[in-house]
Amino acid sequence: MSLVRAAFVIAAKDLRIEARTREITLVTTFFAVLVVVLSSLSFYLDRNLAVRIAPGVLWVSVAFAGLLAVLRSWGREREHDAMRGLLLSPIPRGAIFFGKAIGNLLFLTVVELVLVPLVAVFFHLELDHLGTLALLLALGTFGFVAAGTLFGALGVRSNARDLSLSVVIFPLITPALLGGVVATRELFAGAPWVEIAGWVQILAAFDLVFFGAGWLLFDALLSD
Amino acid sequence: MAVAFAEVRVKKLVKLYGRTRALAGVSLTLPAGAVTVVEGPNGSGKSTLLHCLALLAKPTSGSIAFGTLDGRAHARQVRRHLGVLTHASMLYPDLTGRENLRFYAELHGVPTSRADELCARFEVGRFIDRAVRTYSRGQLQRVALARALVARPSLLLLDEPSTGLDTLGVQRLVEVVRAERDRGAVVVLVTHDDELSRQVADRRVLLRRGRLVFDGEGSVVAEGAAS
């Protein structure tokens, strides 16, 4: 079976489970909404300050919601040792990485579809450049999901899985988070595309590195 | 479907976990069309041997040849012909048993109708369309065994397969093991269940502290193991 086909079979399995339980999307969305609401209550002083705070709130919500999604997604592979069933299958190991990443990406996209309008309302944003914001979020989410999926797999075999993933992943995604926050801040401040393009390139490079690393290193990471 | 391996040849297999020597130079040939029962006390290396045969653990040294295929060099090709049942069911609790079987059939590149075929063969009844989370231990074990057979394996590895099964379930397991052997598969069974072992063993090997200390016919091993 080809890498692409196997990845979609694994992603379809994750979506089927999620459609039945709604566990990941409900919990992560609820958590992200809570972060936005509490942040708006805590930090809101006036409209100008709100616009400057909003990018940080948006990306922190995405990052923490993403961490929850990745942990739970890999947690499902731990129950009944289903991960071993995947490893015993005659598929490229990279397909497991891409399959899980597609699922995580879709779960996080659902969260963001709720999050962006909510942040706009609570922080008085005018979403004039929705296309650019979607691009920034997509690139940042791709990178986060790639890194989270890659290192989340390590937790399937670790007893300190939640802690180890949190400790490992946040330093790794710092470049993507910084790029996302600064680019979004510039966007909300009305900066022209040329000033944002550099950050877009950084985010795209980060995505390429982590998707490439996931594809190439996944087998080695899962070997005993 | 014809079996892919005429035999599986294990040569001087050593597996270290840190300083612990789980396998200390095990050599044996597992022929097709025979059930080999692996016995030994806890910690003797039975499960490690099974993990190495399943390509889940990399041997520290030594080799495993699956027919003409080297286990390390042709891992994906070998996995296509593996069926493995371990202590864990490897089933997704939120999917039904049938959905799990279809999922694994897809991953093994066999038609999903194979799942329905196995459901009929195992006479699983209506529970197969309930979420796995609701299964009893015995039901779980039956579906896990069906999962191991999804790919019509040439090498079937069974680790304590009678766990949780009632008398009828064990009898069905015996029939399945014999049927797989008669189909020409290499069957390796790790069990402490003497009755099951007596019913299916063509050959029995005994491991102790990672070494092969006995290798003989199924019917004569009791004396050999004891000595």
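### Considering the overall build of chain A
So, point 1. Along its length, chain A carries 8 helices and 0 strands.
So, point 2. Seen in sequence order, chain A has helices and strands lined up from the N terminus as α-α-α-α-α-α-α-α.
So, point 3. Computed over the C-alpha atoms, the radius of gyration of chain A is 18 Å, within 12% of the 17 Å expected from 2.2 N^0.38 for a compact globule of 224 residues.
So, point 4. Every one of the 224 residues in chain A was classed for burial, and the buried ones make up 46%.

### Description of the domain arrangement of chain B
All names here are of chain B.
So, point 1. The domain boundaries assigned to chain B delineate domain 1 (7-81 + 153-226) and domain 2 (92-152).
So, point 2. If you average the C-alpha positions of domain 1 and of domain 2, the two centres end up 24 Å apart.
So, point 3. On the side of domain 2, 11 residues touch domain 1, which itself brings 12 residues to the contact.
So, point 4. When residues in the side of domain 1 that touches domain 2 are grouped by element, the largest group, 3 residues, is from helix α6 (residues 167-183).
So, point 5. Residue composition of the side of domain 1 that touches domain 2, grouped by class: 6 nonpolar, 4 polar and 2 charged.

### Looking at the nonpolar core
So, point 1. Ranked by size, the top nonpolar core spans 136 residues in total, and within it Ala-54 of chain A together with Val-8, Leu-53, Leu-155, Leu-157, Val-188 and Leu-189 of chain B carry the most contacts.
So, point 2. For this core, the element with the most residues is helix α3 (residues 47-78) of chain A, which contributes 14 residues.
So, point 3. Of the domains in this structure, domain 1 (7-81 + 153-226) and domain 2 (92-152) of chain B are the two that each give at least three residues to this core.

### Considering the pairing of strand β4 (residues 61-66) of chain B
Two faces make up the sheet, and in a regular strand the side chains alternate between them.
So, point 1. Two strands pair when backbone bridges link them, and strand β1 (residues 7-17) of chain B and β4 of chain B are joined in this way by 5 bridges, in the antiparallel orientation. Residue Val-8 of chain B lies in a different strand from β4 of chain B, and its bridge partner there is Phe-66 of chain B.

### Comments concerning helix α6 (residues 130-155) of chain A
So, point 1. The first and last C-alpha atoms of α6 of chain A sit 36 Å apart over 26 residues, in line with the 38 Å expected at 1.5 Å per residue.
So, point 2. Within α6 of chain A, 19 of the 26 residues are buried, which leaves it mostly tucked inside the rest of the structure.

### As for helix α8 (residues 193-222) of chain A
So, point 1. When the terminal C-alpha atoms of α8 of chain A are compared, their 41 Å separation across 30 residues agrees well with the 44 Å that a helix rising 1.5 Å per residue should span.
So, point 2. The set of residues buried in α8 of chain A consists of Ile-196, Trp-199, Leu-203, Phe-206, Asp-207, Phe-210, Phe-211, Gly-214 and Phe-218 of chain A.

### Comments concerning the interface of chain B and chain A
A common way to express how large an interface is: the accessible area buried when the components associate.
So, point 1. On the chain A side, the residues contacting the 24 residues of chain B number 22 residues.
So, point 2. Looking at the side of chain B that touches chain A element by element, the count peaks at 4 residues for helix α3 (residues 97-107) of chain B.

### So, the sheet that holds β1 of chain B
Residues and elements named next belong to chain B.
So, point 1. Spatially, 4 strands are ordered β2-β1-β4-β5 in an open sheet, and the strand pairing comes out antiparallel. The sheet is open, and its two edges are formed by β2 (20-31) and β5 (69-70), each paired on a single side.
So, point 2. Note that β1 and β2 share 9 bridges and pair antiparallel. Residue pairing for β2: Glu-7 is matched across the bridge by Pro-31.

### Some remarks on the environment of Phe-122 of chain B
Residue and element names in this part refer to chain B.
So, point 1. Inspection of the secondary structure puts Phe-122 in the loop between α4 (113-121) and α5 (137-148).
So, point 2. Residue classification places Phe-122 among the partly exposed positions, given that 19 C-beta atoms sit within 10 Å.
So, point 3. Along the chain, Phe-122 and Thr-134 lie 12 residues apart, while their C-alpha atoms are 18 Å from each other.

### Points about the pairing of strand β9 (residues 203-208) of chain B
All names here are of chain B.
So, point 1. Across 4 bridges, strand β3 (residues 34-39) lies against β9 in parallel orientation. Its bridge partner being in β9, Glu-39 is matched across the sheet by Leu-206.
So, point 2. Between β9 and strand β10 (residues 211-217), which pair antiparallel one after the other, the connecting turn spans 2 residues, and Arg-209 there sits at a positive phi close to 50°.

### A short note on the environment of Gln-77 of chain B
So, point 1. Considering the arrangement of structural elements, one finds Gln-77 of chain B in helix α2 (residues 75-79).
So, point 2. Residues Gln-77 of chain B and Phe-66 of chain B lie 11 residues apart in sequence; the distance between their C-alpha atoms is 10.0 Å.

### Re the sheet that holds β10 of chain B
Residue and element names in this part refer to chain B.
So, point 1. Taken together, 6 strands build an open sheet; the order of strands is β6-β7-β8-β3-β9-β10 and the sheet is mixed. Strands with a single pairing partner mark the edges of an open sheet, and in this sheet they are β6 (82-85) and β10. Neighbour to neighbour, the strand axes of the sheet diverge by 15° on average, direction disregarded.
So, point 2. Sheet analysis places β3 next to strand β8 (residues 186-190), joined by 5 bridges and oriented parallel. Looking across to β8, one finds that Thr-36 is bridged to Val-188.
So, point 3. This element, α5, spans β6 and β7 (155-159) of the sheet and lies at about 165° to β6.

### A closer look at the packing of helix α5 (residues 93-122) of chain A against α8 of chain A
All names here are of chain A.
So, point 1. Two numbers describe how α5 lies on α8: the axes approach to 8 Å, and their chain directions differ by 115°. Considering their axes alone, α5 and α8 lie roughly perpendicular with respect to each other. Where α5 crosses over α8, the two elements pack in a sense that is right-handed. For the pair α5 and α8, contact is made by Arg-93, Gly-94, Ile-96, Phe-97 and Ala-101 and by Gly-214, Trp-215, Phe-218, Asp-219 and Leu-222, respectively.
So, point 2. By residue class, the composition of the contact of α5 with α8 is 6 nonpolar, 2 polar and 2 charged.

Conventions and cut-offs
- Residues numbered from 1 in each chain as written.
- Chains lettered and ligands numbered in written order.
- Predicted model: local features only at pLDDT ≥ 70, side-chain atom pairs only at ≥ 80, totals over all residues.
- Helix = DSSP H or I, 4+ residues; strand = E, 2+ residues; numbered from the N terminus.
- Rg over C-alpha atoms; globule rule 2.2 N^0.38 Å.
- Buried ≥ 20, exposed ≤ 12 C-beta atoms within 10 Å, placed from the backbone.
- Domains from an automatic or database assignment.
- Contact = placed C-beta atoms within 7 Å.
- Nonpolar A, V, L, I, M, F, W, Y, C, P; charged D, E, K, R; others polar.
- Core = buried A, V, L, I, M, F, W, Y, C linked by C-beta atoms within 7 Å.
- Pairing = 2+ DSSP bridges.
- Expected span 1.5 Å × (residues − 1).
- Axes fitted to C-alpha atoms, helices over the stretch in contact; angles between N-to-C directions.
- Parallel < 35°, antiparallel > 145°, perpendicular 65-115°, else oblique.
- Left-handed = near helix turned anticlockwise from the far one by under 90°.

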